[in-house]
Amino acid sequence: MRYAIKKFAILLIFVLVLAAAGTGCGSAFEMDEAAEAPARDQGGQAMATEEMSYAEAEAAPMEESADAGSSDYINTPPLERKIIQNSYIELEIGAGEFEDKLFEISDIAENNGGFVSSSESYSDAEGKLTSGRIIVRVPADKFDPVIDKVKALGQVKNISMSGQDVTEEYIDLQSRLRNLKVQEEVLLDLMEQSKSVKDSIEVQRELSNVQGEIEVLQGRLNYLDNMVSFSTIEVYLTEPTTIREASDWGFMDAIKRGAKGAVRVFNGLISTLIIISPVLVFVAIIVIIIWLIVKSVKRRRSRKKE
C-alpha cells in the first residue's frame, strides 16, 4: 500500500514538472516571437522605404525630362516665314509730268533704302516721252509705305499685290545643304587618309560633285534671301491721250483722205497686174497664135475661090 502511494506521488510530481516545463517553453517562444516581430516590421518598413526611394529615383528623371521638354517647347522660337512680296501699280499722271514722276519714284525708292531695277520709256507721235514703266526694289519692311507714296503721285488705274511663301523650300534647301557639308567633311577626311592615287582620284571626283551641289544650293538660298529681303514694285505711268479737234469743214482733210485712197487703189491695181503678168503674157501668146491661124485659113480659102 505504501509502495503504491509512493509511486503515485512520484508520477504526480513528474507530471507537474512536465507541465511547468511546457509553460516555460511556451512563454519563452512567445517572448521570442514578440522580440522578432518588431524586427520583421522594421525590415518590411525598410524594404518599403527602399522601394519607394527607387521608384522616386526613376520618376525624378522622367519628371525632369518632361519639364525640360515642355520648357524647350515653350522656349522654341517661332518659325520665321519667308515671303516674297510683289506689286504692280498703273498710274495716270498729268500731261507733261512723265519724266518728273519717273524721277520722283526713283527718289522714293532710294530714300527708303531701295534702288531702281529697270525702267522703260515710250514716246508719242510727236517724240515726247509720255508713258513707260519703272521697277524698284525696296526693303520688305518699307513695302507698304513706298506703295502709299507711289499711289499719291497720280490717279490709280490698276493695282495688284502678291506674296509667295517660300518657307518650305528654304527649310528643305538648308537641310540638304547641311547634309552635303557633312559629306564634304567626310570626303576631305578620306582624302587625307587615302594612300593610293586611284583612291585619291575617286574621292576627288565624288568631292567635286558634292561641292558642286553645295554651290547650287547656296546660290538658290542667296537668291531667296535677296528676294525676301527686298520686295519688287512695278509702276506703269501714262499721260492722258490728247484728242485733236477737227476743223469746221475739213475740206482739205477730205481731199487729202481722197487722194490717199486713190493712191492706195492705184497701188493695189499695179500690184495685181504685176502678180498676174505672167498669166497675161501666156494668154496673149495663145491669142496671137490663134489669130494667125485663123488669118492663114481665111487666106487659103480666098485663094481657092479665085
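Residues numbered from 1 in each chain as written. Predicted model: local features only at pLDDT ≥ 70, side-chain atom pairs only at ≥ 80, totals over all residues. Heavy atoms only, no water.

## Let's talk about the packing of helix α4 (residues 167–193) against helix α5 (residues 197–229)
Two elements in contact, α4 and α5, have axes whose closest approach is 9 Å; the angle formed by their N-to-C orientations is 155 degrees. One way to sum up the angle between α4 and α5 is to call them roughly antiparallel. For α4 against α5, the interelement crossing comes out left-handed. Taken together, the residues of the contact of α4 with α5 break down into 15 nonpolar, six polar and eight charged. (Axes fitted to C-alpha atoms, helices over the stretch in contact; angles between N-to-C directions. Helix = DSSP H or I, 4+ residues; strand = E, 2+ residues; numbered from the N terminus. Parallel < 35°, antiparallel > 145°, perpendicular 65-115°, else oblique. Left-handed = near helix turned anticlockwise from the far one by under 90°. Nonpolar A, V, L, I, M, F, W, Y, C, P; charged D, E, K, R; others polar.)

## Structural notes on the confidence of the model for the protein
Parts of the prediction with low pLDDT should not have their coordinates interpreted in detail. Here the protein averages 77 in pLDDT, while 71% of its residues score no lower than 70. This model gives residues 1–9 a pLDDT under 50, and the stretch forms zero contacts once residues within four places in sequence are excluded. (pLDDT = per-residue confidence, 0-100. Contact = heavy atoms within 4.5 Å.)

## Topic: the pattern of salt bridges
If the charged atoms of two oppositely charged side chains come close together, the side chains can form a pair. Summed over the entire model, instances satisfying the criterion amount to six salt bridges. Put simply, Arg-133 and Glu-120 hold a salt bridge, and the shortest N to O gap is 3.9 Å. Taken together, the positions of Arg-133 in strand β3 (residues 129–139) and Glu-120 in strand β2 (residues 115–123) put the pair 13 residues apart, joining distant regions of the chain. Connected through salt bridges with shared partners, the residues Glu-120, Arg-133 and Glu-234 form a single ionic network. (Salt bridge = Lys/Arg side-chain N within 4 Å of Asp/Glu carboxyl O.)

## What about the environment of Leu-153?
Position of Leu-153 among the secondary structure elements: in the loop between α3 (143–151) and β4 (155–165). Take Leu-153: its relative accessible area is 13%, and that puts it in the buried class. Taking the C-alpha atoms as reference, Leu-153 lies 7.1 Å from Lys-101; in sequence the two are 52 residues apart. (Buried < 20%, exposed > 50% of the residue type's maximum accessible area, 1.4 Å probe, protein only.)

## As for α3
Taken as a whole, α3 has its buried residues at Phe-143, Val-146, Ile-147 and Val-150. The buried residues of α3 all sit within an arc of 100 degrees when viewed along its axis, so they share a single face. Tucked inside the fold, the buried residues of α3 contact β1 (83–92), α2 (98–111), β3, β4 and β5 (230–238). (Arc of directions from axis to C-beta.)

## Regarding the environment of Glu-168
When you line up the elements, Glu-168 lands in helix α4. Each C-alpha atom of the pair Glu-168 and Arg-81 lies 9.0 Å from the other, and the pair is 87 residues apart in sequence.

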